[in-house]
Amino acid sequence: MKTLHGALVIAALLLVVTLSLGWLSAQPKAQCNVTWYGQTGEYMLEQVRKDLRSDCKVVVVELMSFGGPVHTSIAIAQEIRAARTRGMVVEMHGRTVVVSGGVIVLGAGTPGRRFIDAHSIVLVHGVQMSNGWERKCAALVPTPTTEDDKFTNRFIEIVAEDLALSSGKPLAETLLWTECGKEQVGGGYLLAKLGLADNLE
């Protein structure tokens, strides 16, 4: 009888331990640290989706990017905002180079938790279009008539709308940032000045 009683006690203890470990493993992680390096293209987009669909409460991102295609840069920003809507904190840390689409990605982070290296290289500019052998800055067409003109205009508007959303600046102002010849280059202070970052490191 004592042997049976002892076995039942041990079994009960094992069950409690197993259930406790299962409960602990099911709890969201307090913080996850990830790196997003390289082009803001399809590969980074897939990495972002994976990182932001984790069970972490806070995702701390180290970002370094020369930018990439407009559509994937915007898609990454949308993924970040969707994660924030779900209650996740996306803390951004821009390192060394945050250029073009990289600026769009960093700006989409949680307000108050967007950091940028003071000595980094930052570039804010308009949409760059390619005809197959050269890239050039795309300008808004005042009265678009062709499909290409309308497409280009909408691309520029999407970038300006995203920058307005991240910076809190009016769309009329962020549209000026996308104009050809009005490119802005500087250190981390530039993103803080434009409202696309909150803190210098």
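Residues numbered from 1 in each chain as written. Predicted model: local features only at pLDDT ≥ 70, side-chain atom pairs only at ≥ 80, totals over all residues. Heavy atoms only, no water.

Participant: How would you sum up the overall build of the protein chain? Please name residues and give values.
Facilitator: Each helix and strand in the protein chain was counted, giving seven helices and nine strands. Looking at the protein chain as a whole, 42% of its 201 residues qualify as buried. Intrachain contacts of the protein chain at a sequence separation of at least 6 include 70% that bridge at least 24 residues. Total accessible area computed for the protein chain in this model is approximately 11,300 Å², and 61% of it derives from carbon and sulfur atoms. (Helix = DSSP H or I, 4+ residues; strand = E, 2+ residues; numbered from the N terminus. Buried < 20%, exposed > 50% of the residue type's maximum accessible area, 1.4 Å probe, protein only. Contact = heavy atoms within 4.5 Å. Areas by Shrake-Rupley, 256 points an atom, 1.4 Å probe, with all protein chains shown as cover.)

Participant: So what about the nonpolar core? Which residues, and what values?
Facilitator: One finds Trp36, Leu52, Leu63 and Leu191 to be the most contacted residues of the largest nonpolar core, which totals 42 residues. Ranked by the residues each element gives to this core, the list is headed by helix 3 (residues 70-85), at seven residues. Beyond its immediate chain neighbours, meaning those up to four positions away, Leu63 contacts Trp36, Tyr37, Met44, Met92, His93, Gly94, Arg95, Val98, Gly102, Val105 and Leu106. (Core = buried A, V, L, I, M, F, W, Y, C linked by side-chain atoms within 4.5 Å.)

Participant: Summarise the pattern of salt bridges; cite the residues concerned and give the values.
Facilitator: One pass over the full model with this rule turns up eleven salt bridges. The salt bridge partner of Arg49 is Glu46, with a shortest N-O separation of 3.0 Å. Separated by three residues within a single helix, Arg49 and Glu46 lie in helix 2 (residues 42-52), roughly one turn from each other. On the basis of relative accessibility, which here comes to 28%, the residue Arg49 falls in the partly exposed class. Exposure remark for Glu46: the relative accessible area of 47% places this residue in the partly exposed category. Asp198 serves as the salt-bridge partner of Arg114, at 2.9 Å between the closest nitrogen and oxygen. In this pair, Arg114 sits in strand 4 (residues 114-116) while Asp198 sits in the loop between helix 7 (188-194) and strand 9 (199-200), placing the two residues 84 residues apart along the sequence. On the basis of relative accessibility, which here comes to 31%, the residue Asp198 falls in the partly exposed class. (Salt bridge = Lys/Arg side-chain N within 4 Å of Asp/Glu carboxyl O.)

Participant: Which residues make up the side chain of Thr40, and what are the values?
Facilitator: Along the chain, the position of Thr40 falls in the loop between strand 1 (29-37) and helix 2. Side-chain polar atoms of Thr40 contact the backbone nitrogen of Gly68, separated by 2.9 Å. Within the local environment of Thr40, its side chain forms a polar contact with the side chain of Ser73, the two groups lying 2.7 Å apart. When residues no more than four places from it in sequence are discounted, the contact partners of Thr40 are Ser65, Gly67, Gly68, Pro69, Thr72, Ser73, Ile76, Gly101, Gly102 and Val105. (Polar contact = N/O pair within 3.5 Å; in protein donor to acceptor, adjacent residues only side chain to side chain.)

Participant: Tell me what's going on with helix 3, and back it up with residues and numbers.
Facilitator: Taking 1.5 Å of rise per residue, 16 residues should cover 22 Å, and helix 3 covers 23 Å from first to last C-alpha, within 8% of that figure. If you check which residues of helix 3 are buried, you get Val70, Thr72, Ser73, Ile74, Ala75, Ile76, Ala77, Glu79, Ile80, Arg81 and Ala83. For helix 3, the secondary structure elements touched by its buried residues are strand 1, helix 2, strand 3 (89-99), helix 4 (101-107) and helix 5 (147-167). Remark: Gly87 follows helix 3 within two positions and exhibits a positive phi of approximately 100 degrees. (Expected span 1.5 Å × (residues − 1).)

Participant: A description of the pairing of strand 2 (residues 56-65) should follow, citing residues and the corresponding values.
Facilitator: In terms of burial, strand 2 is a largely internal element, seven of the ten residues being buried. The pairing of strand 1 with strand 2 spans eight bridges and is classified as parallel. Of the residues in strand 2, the one forming a bridge with Thr35 is Glu62. One crossover worth recording links strand 1 to the parallel strand 2 by way of helix 2, and it is right-handed. Note on the crossover from strand 2 through helix 3 to strand 3: the handedness is right-handed. (Pairing = 2+ DSSP bridges. Right-handed = clockwise from strand over helix to strand, strands pointing away.)

Participant: Which residues make up the state of the cysteines, and what are the values?
Facilitator: Counted by the stated rule, this structure contains two disulfides. The disulfide that involves Cys32 links it to Cys56, with 1.6 Å between the sulfurs. Here the disulfide of Cys32 and Cys56 is left-handed, its torsion about the S-S bond being about -55 degrees. Note that Cys32 is positioned in strand 1 and Cys56 in strand 2, a separation of 24 residues in sequence. (Disulfide = S-S within 2.5 Å.)

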